Amino acid sequence: MVENAEIVIVGGGIAGLATAVALKRVGFQAQVLERHQELRAGGTALGLFPNAWFALRALGVDHKLTNTYQIFTKALTTNLETGASQEMVLPMKKDRGDDIGVRYVKREDLLKALAEELPPDTIRFSSKLISIKSETLEDSSKITALHLDDGTIIKAKVVIGCDGVHSAVAQWLGLSQPLNSGRSAAYGLSVFPEDHGFEMMVWQYLGVGIRAGFIPLNSRELYWFFLHDSSSLEQDVSRSPEMILKEITDNLAKNFPSDFLTVAKRTDLSTLAWAPLRFRIPWNVALGRAQDGNVTVSGDAMHPMTPDIGQGGCSALEDAVVLARCLSQSHTSAANDKQWVQKGLKRYVDERKWRVAGLIAGSWLSGWVQQSGCGAQKWWSSATRWFRDRYLYKFVLPRLVDWVWKDCGDLSFPVKQ
Ligand SMILES: Cc1cc2nc3c(=O)[nH]c(=O)nc-3n(C[C@H](O)[C@H](O)[C@H](O)COP(=O)(O)OP(=O)(O)OC[C@H]3O[C@@H](n4cnc5c(N)ncnc54)[C@H](O)[C@@H]3O)c2cc1C
């Protein structure tokens, strides 16, 4: 069966839904293809930094989340080798309103808040893209045929790949395969029957080759993470969440403070996940082909990064706003230009590529230093730890964070005619 569509977004995660909402706000209608039967809320929670709130405000959905989730102003990091603790202040962007700060939000709430903005049937579930073919029409505009696993072919004027770290669209464009950072993360949601009593701040612990912590989402639920550079969990992953949790609490984190262990032991096992941390080489994003004709990528499909400065999802939200604005501007200013799609998408990639390449590099470096050079045996580990304990949290991270907290602008003008 062959269908025709104007704009098709492949993937219904944060990037895909935010892009559909952004396009709707500037007057375009898009169809979202999602391979699963429903929205996926895996990953439990994520930190949304001020740049994400600027984007969510531009998308008109920030108010749905700001009432439920409070702003965090403090992170406490304890070095388990020395016992020393350092406090880091998480500043707010007061100049753009009191509601712009750091909040930790359940993924399912973010996805729902975005999905509710879309007209019914925008998201087409159980629709997996399996291959792409592009053809140039007589007027030199391009059309792209998307082949789905149920045999359907959709011919689209614009294709936006929001299909995550293993993106088929990025592969088709020729972007490099994401690399394994050699580190991995286990994470989950813990639920207490009554008030857990922890202060609302980021609680973080540093061990050799380990960075772990927990963050209260409300008075009963906490999100926890355990980043490590060993592969020991990999063997347990194929077994069960119980095995992963047991390996963490009984072995890898057995000497961690009781607070962390108490939280981890309260994990709702249905939320527990494990993932190797992958990233795309930054210069491949900056200099590679993230757009070809009427096809581009966004979110993890364009710039997979390690989660060390919590920017993967935040920058996907920024992508959505910038992409919709570029397409809208290109459409408005080029009434008779058959190339407006190509020009709009090129403008989007040009605006995003250096910023996201910087975020990938900043995330990787920050993770590497925080996990103390990834490995106790390496000659540089003690130097890295020395730098981390004296300078990273005091001077480097606050500056990095300030650079990261950019306002991507709004979508109020121009709007597609
Ligand atoms: C441990 C960890 C902690 C993190 N913490 C943070 C944080 O605090 N803050 C932050 O901003 N980010 C964080 N991130 C990163 C963040 O989770 C990702 O950057 C974000 O989820 C990317 O969203 P996405 O929509 O681009 O990709 P995804 O969420 O992967 O969505 C891709 C979607 O595409 C669908 N799909 C894939 N292939 C196809 C296909 N062929 N056809 C149809 N559909 C397809 C998938 O089913 C999926 O729904 C963290 C990541 C990890 C692993």
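Look a little higher up for the structure.
Remember, it's a predicted structure, so these values are computed and weren't measured experimentally.

Chemist: Describe in detail the environment of Thr19, supporting the description with residues and values.
Modeler: Mapped onto the elements, Thr19 comes out in helix 1 (residues 14-25). Taking the number of C-beta atoms within 10 Å as the measure of exposure, Thr19 has 28 and is therefore buried. Once the C-alpha coordinates of Thr19 and Glu318 are considered, the two residues, 299 residues apart in sequence, prove to be 9.4 Å apart. With near-sequence residues (within four places) excluded, Thr19 lies in contact with Ile9, Ile160, Cys162, Ser298, Ala320 and Leu323.

Chemist: Go over the site of the ligand with me, naming the residues and quoting the values.
Modeler: Around the ligand lies a shell of 35 residues, among which Gly11, Gly13, Gly164, Gly299 and Gly312 are the nearest. Of all the elements in the fold, those that place two or more residues in the shell around the ligand are helix 1, strand 3 (45-48), strand 11 (179-191) and helix 10 (312-333). It is helix 10 that provides the largest number of residues to the shell around the ligand, a total of four residues. Here the residues of the shell around the ligand sort into 16 nonpolar, 13 polar and six charged.

Chemist: Talk me through the nonpolar core; I want residue IDs and the actual numbers.
Modeler: A general feature of soluble globular proteins is that nonpolar side chains tend to end up buried together. One finds Val8, Ala18, Ala22, Ala55, Leu59, Ala320 and Val321 to be the most contacted residues of the largest nonpolar core, which totals 112 residues. Each residue touching Val8, except ones within four places of it in the same chain, is listed here: Ala30, Gln31, Leu33, Leu146, Ile154, Ala156 and Val159.

Chemist: Can you break down the pairing of strand 5 (residues 85-89) residue by residue, with the values?
Modeler: Among the five residues that make up strand 5, zero are buried, leaving the element largely open to the surroundings. Here strand 4 (residues 74-79) runs beside strand 5; their pairing, made up of five bridges, is antiparallel. By the bridge assignment, Leu76 is partnered in strand 5 with Glu87.

Chemist: Describe the sheet that holds strand 15 (residues 273-279), listing the residues and the values that go with them.
Modeler: Strand order in the open sheet formed by seven strands is 5-4-12-13-14-11-15, and the pairing between neighbours is mixed. With one partner strand each, in any of the chains shown, strand 5 and strand 15 form the two edges of the open sheet. Taking the axes of each pair of neighbouring strands and ignoring which way they run, one obtains an average angle of 20 degrees across the sheet.

Cut-offs and rules
Per chain, residues are indexed from 1 in the order of the written sequence. Totals for whole chains, interfaces and linings use all residues, but because this is a predicted model, local features are given only for residues with pLDDT of at least 70 and pairs of side-chain atoms are given and counted only at 80 or more. Counting from the N terminus, the helices are DSSP H or I runs at least four residues long and the strands are E runs at least two residues long. Between the buried cut of 20 or more and the exposed cut of 12 or fewer other C-beta atoms within 10 Å of a residue's own C-beta lies the partly exposed class, and all C-beta atoms are placed from the backbone. Contacts here follow a simple rule: the backbone-placed C-beta atoms of the two residues must lie within 7 Å. Proximity of a residue to a molecule or strand is defined by its backbone-placed C-beta atom lying within 6 Å of that partner. Throughout, the ten residues Ala, Val, Leu, Ile, Met, Phe, Trp, Tyr, Cys and Pro are labelled nonpolar, Asp, Glu, Lys and Arg are labelled charged, and all others, Gly among them, are labelled polar. For our purposes the nonpolar core covers buried Ala, Val, Leu, Ile, Met, Phe, Trp, Tyr and Cys residues that link as a set through C-beta atoms within 7 Å. Strand pairing is assigned whenever DSSP detects at least two bridges linking the two strands. Each axis is a line fitted through C-alpha atoms, and for a helix only the stretch in contact is used; angles between axes span 0 to 180 degrees, taken between their N-to-C directions.

These values are about where atoms sit, not about what they do.
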